[in-house]
Amino acid sequence: FFVSKKYREKYQEKLPICDELSRIFKTQGQFQTTAAELRQLVGRLYNREDICDGEQQDLEEFHTLLLRGIGNEVVKVGAQQARFVSKFRGREANEKVFLYTRDGRCNHGHIPRIEEEDFQVIKLDVPSTSSLISLNNLVSNHFEENSKTFSMKCSECCTHPSNCPLTGKCKLREATSQKQLISTPNLLYIQLLRFEDYQNPKIETKVTPENVLILPNQDKYKLVSIGNHLGTFINNGHYQGLIKTGTNWIKAD
């Protein structure tokens, strides 16, 4: 898409982020290059000096901003080019159900609340353990019924526009949630959440990514790259990229 400049077609105006990506990918790993200018472009686009001042950024946040910047540019060219960013987008539903009834509905039979939203990254909590964990198991657990509970009222039963008394039909009751996949992206990103906060050190549990990841809806993904954070705390350290080419891996350090 970038090397062949499919994002341009007959468009002659500036597309700075896409053109810089084209320059980077055209090196084909034959010689060293830098992403410093790309970081400058993304930082200036969102008025974020912290993106391009040489300090460490959050990998997932930069990825999100980069995709948004690409989308802003290719939408100017045409609908066909704009579809590029949809390769990274999936959709999931978060179903919230009551625990005090057998079918998860309220006493008046209202259907459990279902909230749908797009996602670009599946974010997985990593437990602290000395055991080796497989990525497939982490993903499977993520989409199973959540063991954590919370208090919820039925939004159908409650008719109060504000100042709800939270009594009677509006009483808060114990509930849980479960995520379900509606659609999946062509290119799937997964983030392992290893930091609980800024004070605590990183959760060092070893996670093994299989060559093939199988989602609960049976969609399959081949492992092609890994981003590693080296360091103990969230605000320091170093990133490495591991990229699979054929049967070999390249380390971008």
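Here the structure is a predicted model, which is why all the values come from computation and not from measurement. (Residues numbered from 1 in each chain as written. Predicted model: local features only at pLDDT ≥ 70, side-chain atom pairs only at ≥ 80, totals over all residues. Heavy atoms only, no water.)

Thoughts on the sheet that holds strand E6 (residues 173-183)
Here four strands make up an open sheet; going across it, the order is E2-E1-E6-E5 and the pairing antiparallel. This sheet does not close on itself; its edge strands, each paired only once, are strand E2 (113-119) and strand E5 (150-152). Between one strand axis and the next, the sheet turns by 45° as a mean value, whatever way the strands run. Across seven bridges, strand E1 (residues 90-98) lies against E2 in antiparallel orientation. (Pairing = 2+ DSSP bridges. Helix = DSSP H or I, 4+ residues; strand = E, 2+ residues; numbered from the N terminus. Axes fitted to C-alpha atoms, helices over the stretch in contact; angles between N-to-C directions.)

Description of the pattern of salt bridges
Overall, the coordinates contain 11 salt bridges when judged by the stated rule. A salt bridge links Glu116 to Arg91, with the shortest nitrogen-to-oxygen separation between them at 3.1 Å. Taken together, the residues span a long stretch of sequence, with Glu116 in strand E2 and Arg91 in strand E1 at a distance of 25 residues. Arg91 gets classed as partly exposed once you look at its relative accessible area, which sits at 27%. One network of salt bridges, in which partners are shared, links Arg48, Asp50 and Glu61. (Salt bridge = Lys/Arg side-chain N within 4 Å of Asp/Glu carboxyl O. Buried < 20%, exposed > 50% of the residue type's maximum accessible area, 1.4 Å probe, protein only.)

Looking at the nonpolar core
Phe2, Ile17, Cys18, Leu21, Val42, Leu66 and Ile70 are the most contacted members of the largest nonpolar core, which has 20 residues in total. Listed by contribution, the elements that provide at least two residues to this core are helix H1 (16-26), helix H2 (36-45) and helix H4 (59-74). Sequence-distant contacts of Val42, defined by excluding residues within four places in its chain, comprise Ile17, Ile51, Phe62, Leu65 and Leu66. Listed in part, the 16 residues of the second largest apolar core include Leu124, Val126, Leu138 and Leu188. (Core = buried A, V, L, I, M, F, W, Y, C linked by side-chain atoms within 4.5 Å. Contact = heavy atoms within 4.5 Å.)

A look at the sheet that holds strand E11 (residues 225-230)
Strands sit in the order E11-E12-E13 across an open sheet of three strands; the sheet is antiparallel. Unpaired on one side and paired on the other, E11 and strand E13 (248-252) mark the two borders of the sheet. Adjacent strand axes in the sheet meet at a mean angle of 20° when their direction is disregarded. As paired elements, E11 and strand E12 (residues 238-245) share six bridges and run antiparallel to each other. Paired with Ser225 across the strands is Ile243, a residue of E12.

Topic: H4
Structural remark: α-helix, 3.6 residues per turn; residues separated by three or four positions point the same way. With 16 residues, H4 should cover 22 Å at 1.5 Å per step; its first-to-last C-alpha distance of 23 Å lies within 8% of that length. Counted residue by residue, H4 has 12 buried out of 16 residues, so it is predominantly covered. Of the positions making up H4, those classed as buried are Glu60, Phe62, His63, Thr64, Leu65, Leu66, Leu67, Gly69, Ile70, Gly71, Glu73 and Val74. On its buried side, H4 packs onto H1, H2, helix H3 (49-52), helix H5 (79-82), strand E3 (121-125) and strand E7 (189-193). (Expected span 1.5 Å × (residues − 1).)

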